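What the coordinates show
Listed here are the chains, written in short residue letters.
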Amino acid sequence: MQTLEILLLTTLISLVPSILVMTTSFARYLISFSFLRNAMGTQQTPPNLVLTGLALFLTLLTMNPAVEQIEQEAWIPYQAGEITGEEFVERAAVPIKEFMVRQTKVDTLKMFCDLADIPLPETISVQSTVNLPLRVLVPSFMTCELQRAFEIGFLLYIPFMLIDVVVSSTLMSMGMIMLPPSMISMPFKLLLFVLLDGWELLFSALIVGFK
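Residues numbered from 1 in each chain as written. Predicted model: local features only at pLDDT ≥ 70, side-chain atom pairs only at ≥ 80, totals over all residues. Heavy atoms only, no water.

**Thoughts on the packing of helix α3 (residues 26–40) against helix α9 (residues 134–173)**
Where we set the bar: Lines are fitted to the C-alpha atoms to define the axes, a helix being fitted only along its stretch in contact, and any angle between axes, read from their N-to-C directions, falls within 0 to 180 degrees. Each helix is a run of H or I in the DSSP string that is no shorter than four residues. Each strand is a run of E no shorter than two, and both are numbered from the N terminus. We call two directions roughly parallel when the angle between them is under 35 degrees, roughly antiparallel when it is over 145, roughly perpendicular when it lies between 65 and 115, and oblique otherwise. Take the far helix as your reference; a near helix turned counterclockwise from it by less than a right angle gives a left-handed crossing, and one turned clockwise gives a right-handed crossing. Working rule for contacts: check all heavy atoms of both residues, and any pair within 4.5 Å makes them a contact.
It is the contact of α3 with α9, at a shortest axis distance of 9 Å, that shows an interaxial angle of 25°. With respect to α9, the element α3 is oriented roughly parallel. Relative to α9, α3 is oriented so that their crossing is right-handed. Seen from α3, the contacting residues are A27, R28, I31, S32, F35, L36, N38, A39 and M40; seen from α9, they are M142, E145, L146, R148, A149, F150, I152, G153, L156, Y157 and F160.

Pasting the structure below:
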């Protein structure tokens, strides 16, 4: 039995990156940061390592209530030998499921329930939908996360796109068509972002969006 638990634990450790991306707020953060970098036209600045690190720590901040609940209701009893490994997994999955359900739209959840031939509870609430299997909750959650991340990306592009339009129109009116507009617009984008405390606004908006 101990050998089986070690094998299961090793398998779970190898799947940690995928579980992190698919069941937490990590994907929304990282995609939003990528859209911001592309909108500003700064190429590889900030580098991928910095954006991934920011997304990871903001995910830890967002998921802290769920992590504390897992520790109190699953990890500590498992360490004390009060529950089995199967009970630990079941208890640990509940806070994650509750988090995903809160971020999932009812229509999206209904669509995946229909595709999986699973009846959706008549009364839609966190308590009634948390018992749905992960094969329904995870794709429903990720679909909504991708939609929200793309909506955030669209909103991030608008102010920077306006700067590009103004710079391009100004250069064309001056007859400077050989000068790349991005070379002129980038300093103005950086100035706008810094003056508005762009990082603080983005971080706070993303975190509040989960609450």
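We are not done yet, so read on.
**Observations concerning the layout of surface pockets**
This is how it is decided: Buriedness for pockets is judged along seven lines, at least five of which must meet protein on both sides within 12 Å for an open set on the 1 Å grid over protein atoms alone, while cavities are sets there where a 1.4 Å probe fits but cannot get out, and lining residues have an atom within 4 Å of a point. Grid points are joined across faces, edges and corners, and a volume is the space filled by probe spheres set on the points. Gly is put with the polar residues, along with every residue not named as nonpolar or charged; the nonpolar set is Ala, Val, Leu, Ile, Met, Phe, Trp, Tyr, Cys and Pro, and the charged set is Asp, Glu, Lys and Arg.
There is about 1,400 Å³ of room inside the largest pocket. Forming the boundary of the largest pocket are 34 residues, of which L12, I19, F88, V89 and A92 lie nearest the centre. Of all elements in the fold, only α1 (2–14), α2 (16–23), α4 (48–62), α5 (64–79) and α6 (85–102) reach the threshold of two or more residues within the lining of the largest pocket. Across the lining of the largest pocket, the residue classes break down as 25 nonpolar, six polar and three charged. Reported here for the second largest pocket is a volume of approximately 270 Å³. Along the wall of the second largest pocket there are 14 residues; nearest its centre are T62, P65, A66, F99 and R102. Looking at the lining of the second largest pocket element by element, the count peaks at four residues for α6. When grouped by side-chain class, the residues that make up the lining of the second largest pocket number eight nonpolar, three polar and three charged.

**Remarks on the nonpolar core**
To keep things clear, this is the line we draw: Side-chain atoms within 4.5 Å are what join buried Ala, Val, Leu, Ile, Met, Phe, Trp, Tyr and Cys residues into a set we call a nonpolar core. Partly exposed residues are those whose accessible area sits between 20% and 50% of the maximum for their type, while under 20% is buried and over 50% is exposed, using a 1.4 Å probe and protein chains only.
Of all hydrophobic cores here, the largest spans 36 residues; its most connected members are Y29, F33, L36 and M100. Looking at this core, the elements with two or more residues in it are α3, α4, α5, α6, α7 (106–115), α9 and α11 (198–210). Discounting chain neighbours no more than four positions away, the residues touching Y29 are A55, L58, T59, T62, L206, I207 and F210.

**Quick word on the environment of G53**
When you line up the elements, G53 lands in helix α4. A relative accessible area of 24% means that G53 is categorised as partly exposed. For the pair G53 and I6, spaced 47 residues apart in sequence, the C-alpha separation works out to 29 Å.

**A short note on the pattern of salt bridges**
Pairing is possible between side chains that carry opposite charge, provided their charged atoms lie close to one another. Spelled out, the test is: The salt bridge definition used is simple: a Lys or Arg side-chain nitrogen within 4 Å of an Asp or Glu carboxyl oxygen.
Under the counting rule described, the total for this entry stands at three salt bridges. For R28, the salt bridge goes to E145, with nearest N and O atoms at 2.5 Å. On the criterion of sequence distance, the pair formed by R28 in helix α3 and E145 in helix α9 is long-range, its members being 117 residues apart. Residues R28 and E145 agree in their burial class; the two are buried. Two residues, R148 and E145, come together in a salt bridge whose shortest N-O distance is 3.7 Å. One end of the pair, R148, and the other, E145, are both in helix α9, three residues apart, so they sit about a helical turn from each other. Residues joined by salt bridges that share partners form a network here, namely R28, E145 and R148.

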